[in-house]
Amino acid sequence: MKKYIFILLASATLGLTSCSPFQVRSDYAETANFNSFKTYKIRIDDLKLNDIDKDRVLNELSRQLQSKGLQSGENPDLIVNVKANHKKVTDINSSSPYGMWGWGGPFGWGVGMNRTWTTNYNEGALIIDLIDSKTNKLVWQGIGSGISVDSPKSKQRQIPEILAEIMKNYPPQRK
């Protein structure tokens, strides 16, 4: 019996810790030979971030690429293009009137109030494009969204986390 309870608790813990607050997806060119890519160079054409966040993104991206066996170089196999954007998000929440007060329990007669409120915030996203420098074609793209742009402390923690989640999909596992 104790064995089953332990397995149940371990499964629940794993399930809770493996959930990511980010939405991450990637796509790749089926014809690309990812084993041939050994070097990279980062290009920041459209990285509209403040200098602090830009350094966070570029440093972590370099670290992630190097952990995949790629080295920075002047004549690279891959051009890494980084983009960032954000959007305003409005969450609408409401509460139901059940259990407010009345006669006959929660489904009896009485008065209940429905309360609705909105929360506005900015959500950020990072887009990583890997371009074959020989053909100048996109061979891999990773996109991650869900960064809390309005909170400096959250961004400090979330930027490395989201880049790790995005780069988890590189190189792609062929099906």
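Every chain's residues receive numbers from 1 upward, in the order its sequence appears when written. The model is predicted, so local features are restricted to residues of pLDDT at least 70 and side-chain atom pairs to those at 80 or more, both for listing and for counting; the totals for chains, interfaces and linings are taken over all residues. Based on all heavy atoms of the structure, the side-chain values leave hydrogens and waters out of the count.

Under an unreviewed UniProt entry, the name given to the chain is DUF4136 domain-containing protein, and the organism recorded is Chryseobacterium joostei.

Engineer: Got a minute to help me understand the environment of N114 in this structure?
Structural biologist: Residue placement: N114 occurs in the loop between β6 (109–111) and β7 (115–132). Judged by relative accessible area, which is 54%, N114 ranks as exposed. Separated by 19 residues in the primary sequence, N114 and S95 have C-alpha atoms spaced 5.7 Å apart. Secondary structure elements are taken from DSSP: a helix is a run of H or I of four residues or more, a strand is a run of E of two residues or more, and numbering for both begins at the N terminus. Using a 1.4 Å probe on the protein chains alone, a residue whose accessible area is under 20% of its type maximum counts as buried, one over 50% counts as exposed, and one in between counts as partly exposed.

Engineer: Got a minute to help me understand the side chain of D53 in this structure?
Structural biologist: As for its position among the elements, D53 is in helix α2 (residues 51–67). Residue D53 is classed as buried on the basis of its relative accessible area, which comes to 4%.

Engineer: Quick question: what am I supposed to make of unusual backbone geometry here?
Structural biologist: Both trends apply: most residues other than glycine have a negative phi, and most peptide bonds are in trans. That bond from Y170 to P171 is cis: its omega, -15°, falls within 30 degrees of zero. You can see P171 is positioned in the segment after α3 (152–167). Phi at N136 is positive, roughly 60°, even though this residue is not glycine. The residue N136 is located in the loop between β7 and β8 (137–148) in this model.

Engineer: What is the right way to read the packing of α2 against α3 from this model?
Structural biologist: For any two helices packed against each other, one specifies the inter-axial angle together with the distance between the axes. For the pair α2 and α3, interaxial distance at closest approach is 10 Å and the crossing angle is 30°. The angle between α2 and α3 places the two elements in the roughly parallel class. As α2 packs across α3, the resulting crossing turns out to be right-handed. In contact with D53, R56, V57, E60, L61, Q64 and L65 of α2, α3 contributes P152, K155, Q156, I159, P160, L163, A164 and M167. Within the contact of α2 with α3, the residues separate by chemical class into nine nonpolar, two polar and four charged. Fitted lines through C-alpha atoms give the axes, limited to the stretch in contact for helices. The angle between two N-to-C directions lies from 0 to 180 degrees. Note on terminology: angles under 35 degrees are roughly parallel, angles over 145 are roughly antiparallel, angles of 65 to 115 are roughly perpendicular, and the others are oblique. Rotating anticlockwise by less than a right angle from the far helix to the near helix defines a left-handed crossing, while the corresponding clockwise rotation defines a right-handed one. Contacts between residues were defined by any pair of non-hydrogen atoms, one from each residue, lying within 4.5 Å. Any residue outside Ala, Val, Leu, Ile, Met, Phe, Trp, Tyr, Cys, Pro, Asp, Glu, Lys and Arg is labelled polar, Gly included; the first ten of those are nonpolar and the last four are charged.

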